[in-house]
Each structure stands twice: as C-alpha cells, then as structure tokens.
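# Remarks on the overall topology
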Amino acid sequence: MKYYDKLIFELSKPGRTGYSLPASSACGTADALPDGLKRGAAPALPEVCEIDVVRHYTNLSQMNFGVDTGFYPLGSCTMKYNPKINEEVAAMPGFTGLHPLQPAETVKGVQTVYDEMDKALAAITGMKHFTFLPCAGAHGELTGLMLMREYHMSRGDLARTKVIVPDSAHGTNPASAAVCGLEIVVVKSRENGLVDVESLKPLLGPDIAGIMMTNPNTLGLFERDIKEIAALVHGCGGLLYYDGANMNPLLGVVRPGDMGFDIMHLNLHKTFSTPHGGGGPGSGPVGVADRVVPFLQIPRVSGFHGNFGIILRAYAYILMLGRENIRMAGRLATLGANYIKESLKDCYKLPIPTVCKHEFVFDGLINDGAREGVAGATTLDVAKRLLDYGFHAPTIYFPLLFHQAIMIEPTETESLETLDSFIGVMRKIAEEAAADPEMLHSAPHNTPIGRPDETTAARQPVLKYAA
Ligand SMILES: *Cc1c(COP(=O)(O)O)cnc(C)c1O
C-alpha cells in the first residue's frame, strides 16, 4: 500500500502537533482584533506531526509527471528538456526585481533583450520583424490573421473573407480563423499526408485572404510542394500564414520566410526553452515579412514587460546554442523520431511510411489481440499502460485523420538509452495486447488513479477534502 492511500486528514489525531513555539508576548494581540474579524471556530486543519507533513507534500510532488521525472513524448507539444541554466538567467534578481510600472527609461535592459530577440528570431525564421504581444500560439494565430485582414483592407481589397486550412491542421488554426471572422475552406491531403496541390487550385480566387499551414505539418511531414503552393496563393492575391509551433525540427535548417510565408507565429513555450502545457504563461511572438511590417501594432510588447521570463529563457537558449548548434537541435529531434518510428513499425500500424521530421503518427496496434468474444487493445489502452512503465503517454486520437492515432514526438534532448527503453516498453505492450488485451483494458495498474471519467474530472473536479 502506498503512503498516499491515506489522506493527511485521515492521519489526523486530536492534539498531535508538528511544531512547538515559545510562549510569546505577541500572543495577546489577537485580543486586539475587532470581533467581526475573528474566526468563529478554529480552521479544520489536520493534526499531524512534522514528518507526516513532509511526506504529504513530498508524495504529492511525486504524483505529478514532468519532463524532469521521465520521458514525455507528447506529439505536437515539443516537451523537451529545458536547460536549467536558462531558468537561472530568467531568475536573476535584476530581472525578477523589476517593477511592472517602472518608467521606460529605467528598463533599457528589458528593451535591449526584446530588440535582440527580434533580431535573433528574424534570423532564424527569415521574417523581417516580430511583435511580442501574443501570449500563446493560438493568440499568435489570431494576431497574425488580423494582420492579414488589415493588409487586404488597406489595399481596399475587401472581398477576401476566406482562409484555406488543410484537413491535417492543428485545431487552433480553424478556430482562430473563425474567431477572426473569416470563413474556413478546407483543402484535402493526399494519401501521403501532404496538401493536395490539385485540390488547392480550384479553391483560389479573389475571395481568398490566405492559407494557414504548418510545415512540417501535424503528421510530422515536410510539405515538399510549399514553393508551388506559395506561388499559387500569392498568384491569387492571398498571403501565407505559417503556424510555427512545429519549428523545432527546422531550427537552423530551413526558414519559413524562404519558403514564401508572409506571417507566422512561434511557440517560445515549446521550441525555445519553456515547457508547454500545464496552463502556465506562454509567448507566441508573430513575425512578418516586409510588406506586413507597417501593420504591426505599437507597442510590440504586451503590458508590464510581457511574459518576460519566457523571453529571457528563449534568449539565453538561442545565445547558448548559437548558429551552429541550434541546427543540431532540429536534426537530432528528426533523427530520434525516425529511429522510434522505424524500430516499432513491425508492431504498430504506420499509415504513412515516409521519412518524418520531429514527430510521426501510428494508427494503433497491428496485433491488438482481438478475437471472438474479446475486444482488442485500443490506442487508449496502450497510452494507459505506458503510465505503468513510468512513461508519459504520447498524444492520442489526434490528428483526426486516423481512428487510432498515436502521435510520438521524442525531441532532441533524449539519449539513445532513453529512446531504446521506450521502444522496449512499446514492444512489450504490443506483446501484452496480443496475449491478454483484457489486462490492458483496465490499465494503468500502478498509478494512484486509474481511469477517471475524463469529462467529470475536467468539469467537476473534487479538489477539497469533504469529511
Ligand atoms: C501547440 C500548437 C498550437 C497552439 O499553441 P498554444 O500555445 O497552445 O495556443 C498551434 N499549432 C500547433 C501546430 C501546435 O502544436
């Protein structure tokens, strides 16, 4: 039985304490408080000794999975390890001690960091300038689409109300376009997972504001026809928006600006040393090509110096790697993904067998153990079973192109040994599925919580102890 099978409230015994304080003359001050401010009864805190409190918090901290505790191959999220020195830079007292309302002339250092970041990101992406207003990837998409609209409106080109989005797009793309008041036109992918140029051609016309793409796309595939797509979209008067959340494998290798994109966002909280997920602060700077620069909003940093800690981590990360090494990050991320893909494709269905970039998608198990009267193991079962072996589950059931999608993104920071042990466990699970799918249906077996009702857990979580 694990220690945390008992809650700290259940360990409570009346009169047990974890502290002793010297009698103090200050104790009398409670009497000086007006009655209206005093509690009617003592708070219902558990009465336990010091070691129980220490174990309570230490065990709680270990119930959380993080990239510091294990491999986290979450597709489309780039959950790479972020070097601790970047945290130290962001925590330097000169930065953390800044007052949000300090006069501009006393925060020249902040301004310099933003200016330098503008230059660094422009060099990495081939864009002209960046705005640091957006605080997330999706926020960047909306900002970028508003810039696209401004661009057309400034030219009196008012009929451009539609935006083309590939069927493989990240869900935020059509969502941002809809929030921006644009109509969404879906362009199909071919069997090989790439945008179908022939299906794109008839969609183009004087009503098209532009196209939103990510390259590599959400299947981890590089859109080889991007030059032709750019020429076609520009030819009809539209602009190209680049969803740069997937920039990791291209760092120092290819630049969206050179592919023909006019507007893009980056996820600093993915690619540039701040973890994604968990709902923490983010940063989704938007870069634009020359002709869109006049439409950038002023100022280019959000209130109170923006999410400055994220900018600092990204700045430290870029300077630390430098021009030569930053391309190693992208290349290693690509190598790791292909290594896992090739090592597992005899156990898991690989719908698109070509070379991938930073991530790839399996479509469930080849042998899921299904037989008469016994249902086979699903992608959900595989993901849950991985938790038993101490790995975070990959992204599942996304992208929507496949029914049993498992989307794996190992990132560049994992050693060969870690990749090998993940591959070993994935193979073991495939064997378990063939032999005993029932056991997988009830996995995980070793975690504090098994299979919560995911809707209730998200919508009506029980966060408080009820005696
Ligand atoms: C993560 C991601 C986004 C959205 O970024 P948020 O910061 O979560 O809003 C958009 N597009 C792609 C391809 C992504 O992977």
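Residues numbered from 1 in each chain as written. Predicted model: local features only at pLDDT ≥ 70, side-chain atom pairs only at ≥ 80, totals over all residues. Heavy atoms only, no water.

## Some remarks on helix H12 (residues 379–388)
Spacing of three or four residues puts side chains on the same side of an α-helix, whose turn is 3.6 residues. So the rule is basically this: Relative accessible area decides the class of each residue, using a 1.4 Å probe on protein chains only: under 20% of the type maximum gives buried, over 50% gives exposed, and in between gives partly exposed. A run of H or I in DSSP becomes a helix once it reaches four residues, and a run of E becomes a strand once it reaches two; helices and strands are each numbered from the N terminus. For this analysis, residues touch if any pair of their heavy atoms sits within 4.5 Å. What qualifies as a polar contact is a pair of N or O atoms within 3.5 Å, subject to a donor-acceptor requirement within protein and to the restriction that residues adjacent in sequence count only when both atoms come from side chains.
The buried fraction of H12 is high, at eight of 10 residues. Among all positions in H12, only Thr379, Asp381, Val382, Ala383, Lys384, Arg385, Leu386 and Asp388 are buried. Where H12 is buried, its residues touch strand E9 (395–396), strand E10 (405–408), helix H13 (416–435), helix H14 (437–441) and helix H15 (454–459). You can read the cap of H12 off the contacts: a side-chain oxygen lies 3.3 Å from the backbone nitrogen of Leu380, and it is on Thr378. Phi turns positive one or two residues past the end of H12, at Gly390, with a value near 85°.

## Looking at the environment of Leu401
Within the secondary structure layout, Leu401 lies in the loop between E9 and E10. The spacing of Leu401 and Pro281 is 120 residues in sequence and 30 Å in space, taken between C-alpha atoms. Beyond its immediate sequence surroundings of up to four residues, Leu401 is in contact with Asp167, Ser168 and Leu219.

## Quick notes on a nonpolar patch on the surface
Defined as follows: Distance thresholds for patches are 9 Å for like charges and 5 Å for nonpolar side chains (Val, Leu, Ile, Met, Phe, Trp, Tyr), applied to residues having over 30% relative accessible area and no salt bridge. Computed with the Shrake-Rupley method and a 1.4 Å probe, the accessible areas treat only the protein chains shown as cover for residues. The term salt bridge refers to a side-chain nitrogen of Lys or Arg lying within 4 Å of a carboxyl oxygen of Asp or Glu.
On the surface, Val53, Tyr57, Leu60 and Met63 cluster together into a nonpolar patch covering about 370 Å² of accessible area. Its place among the elements puts Tyr57 in helix H1 (residues 50–62). Assessed through its relative accessible area of 55%, Tyr57 is described here as exposed.

## So, the sheet that holds strand E8 (residues 360–363)
The following threshold applies: One requirement defines pairing of two strands: DSSP has to find at least two bridges between them. Fitted lines through C-alpha atoms give the axes, limited to the stretch in contact for helices. The angle between two N-to-C directions lies from 0 to 180 degrees.
Taken together, the three strands give an open sheet; going across it, the order is E8-E10-E9, and neighbouring strands pair in antiparallel fashion. At either margin of the open sheet sits one strand with a lone partner, and together these are E8 and E9. The pairing of E8 with E10 spans four bridges and is antiparallel. Its bridge partner being in E10, Phe360 is matched across the sheet by Ile408. Strand contacts of helix H11 (residues 308–344): E8 and E10, with the helix running at about 20° to E8, the strand carrying the most contacts.

## Comments concerning the pattern of salt bridges
Using the criterion set out here, one finds 18 salt bridges in the structure. One salt bridge connects Asp35 with Lys38, and the closest N-O pair in it is separated by 3.5 Å. Lys162 is the partner of Asp207 in a salt bridge, and the nearest nitrogen-oxygen pair spans 3.0 Å. Here Lys162 lies in strand E2 (residues 162–166) and Asp207 lies in the loop between helix H7 (197–200) and strand E4 (208–213), a separation of 45 residues in the sequence. Given the relative accessible area of 23%, Lys162 is considered partly exposed.

## Digging into the packing of aromatic side chains
The test is simple: Side-chain rings of Phe, Tyr and Trp, where Trp is taken by its six-membered ring, are said to pair if the distance between their centres is within 6.5 Å; with planes under 30 degrees apart they count as stacked, over 60 as edge-to-face, and otherwise as tilted.
Considering all chains together, one arrives at 13 aromatic pairs under this definition. Here Phe71 and Phe391 contribute two aromatic rings whose centre-to-centre distance is 6.0 Å and whose plane-to-plane angle is 85°, an arrangement assigned as edge-to-face. Of this pair, Phe71 sits in the loop between H1 and helix H2 (84–90) while Phe391 sits in the loop between H12 and E9, and the two are 320 residues apart along the sequence. Each of the two residues, Phe71 as well as Phe391, counts as buried. Relative to Phe132, the ring of Tyr114 lies with its centre 5.3 Å away and its plane at 65°, an arrangement referred to as edge-to-face. Of this pair, Tyr114 sits in helix H4 (residues 108–125) while Phe132 sits in the loop between strand E1 (129–131) and helix H5 (137–154); the two residues are 18 residues apart in sequence, bridging distant segments of the chain. This pair shows no difference in class: Tyr114 is buried, exactly as Phe132 is.

## Observations concerning the environment of Leu145
Turning to its location among the elements, Leu145 is positioned in helix H5. Linking Leu145 and Leu74, residues 71 residues apart in sequence, is a C-alpha distance of 27 Å. Ignoring anything within four residues of it in the chain, the contact list for Leu145 reads Val163, Ser176, Ala177, Cys180, Leu182 and Met212.

## Section: the side chain of Thr218
For Thr218, the position within the fold is in the loop between E4 and helix H8 (226–235). On the basis of relative accessible area, Thr218 is assigned to the buried category, the value being 1%. Within the structure, Thr218 has its side chain in polar contact with the backbone oxygen of Ser168 (distance 2.2 Å). Among all residues touching Thr218, those that are not within four sequence positions of it are Ser168, Ala169, His170, Asn246, Glu359, Val361, Phe398, Pro399 and Met407.

## Let's talk about the packing of H5 against helix H6 (residues 172–179)
Each pair of packed helices can be summarised by the angle the axes make with each other and by the distance between the axes. Applicable threshold: Angle categories: roughly parallel below 35 degrees, roughly antiparallel above 145, roughly perpendicular from 65 to 115, and oblique for all the rest. Two helices cross in a left-handed way if the nearer one is turned anticlockwise from the farther one by less than a right angle. They cross in a right-handed way if the turn is clockwise.
Between H5 and H6, the least distance of the axes is 9 Å, while the angle of their chain directions is 45°. Compared by their axis directions, H5 and H6 come out oblique. Of the two possible hands of crossing, H5 and H6 adopt the one that is right-handed. Here Ala138, Glu141, Leu142 and Leu145 of H5 lie close against H6, whose contacting residues are Thr172, Asn173, Ser176, Ala177 and Val179.

## Topic: the nonpolar core
How we decide: Think of a nonpolar core as a cluster: buried Ala, Val, Leu, Ile, Met, Phe, Trp, Tyr and Cys residues, connected wherever their side-chain atoms sit within 4.5 Å.
If you look at the biggest cluster of nonpolar residues, it comprises 49 residues, and the most contacted ones within it are Met117, Leu121, Ile229 and Phe272. Elements that contribute at least two residues to this core include exactly H4, strand E3 (183–187), H7, E4, H8, strand E5 (239–244), strand E6 (263–266) and H11. Tallying contributions element by element places H11 first for this core, with 10 residues. Leave out the neighbours within four places in its chain, and Ile229 touches Val195, Val197, Leu200, Ile211 and Met213. By size, the runner-up hydrophobic cluster in this structure holds 26 residues, among which are Ile340, Leu350, Ala433 and Leu440.

## Considerations on the site of the ligand
Quick reminder of the rule: Note on definitions. A residue lies near a molecule or strand when any single heavy atom of the residue is within 4 Å of it.
Taken together, 14 residues sit near the ligand, with Ser76, Gly137, Asp243, His269 and Lys270 positioned nearest. Backbone polar atom of Gly137 to an oxygen atom of the ligand: 2.8 Å apart, as the coordinates give it. Here an oxygen atom of the ligand sits 2.6 Å away from a polar atom, N or O, in the side chain of Lys270. Its free accessible area being 380 Å², the ligand has 90% of it covered by the protein chains.

## Section: the sheet that holds E2
Ordered in space as E1-E7-E6-E5-E4-E2-E3, the seven strands form an open sheet in which the pairing is mixed. Each end of this open sheet is capped by a strand with a single partner; those strands are E1 and E3. For this sheet, the mean inter-axis angle between neighbouring strands, taken without regard to orientation, is 25°. Pairing between E2 and E3: five bridges, direction parallel. The partner of Val165 across the bridge, within E3, is Val186. In this fold H5 packs onto E2, E4, E5, E6 and strand E7 (286–288), with an angle of close to 170° to the strand it touches most, E5.

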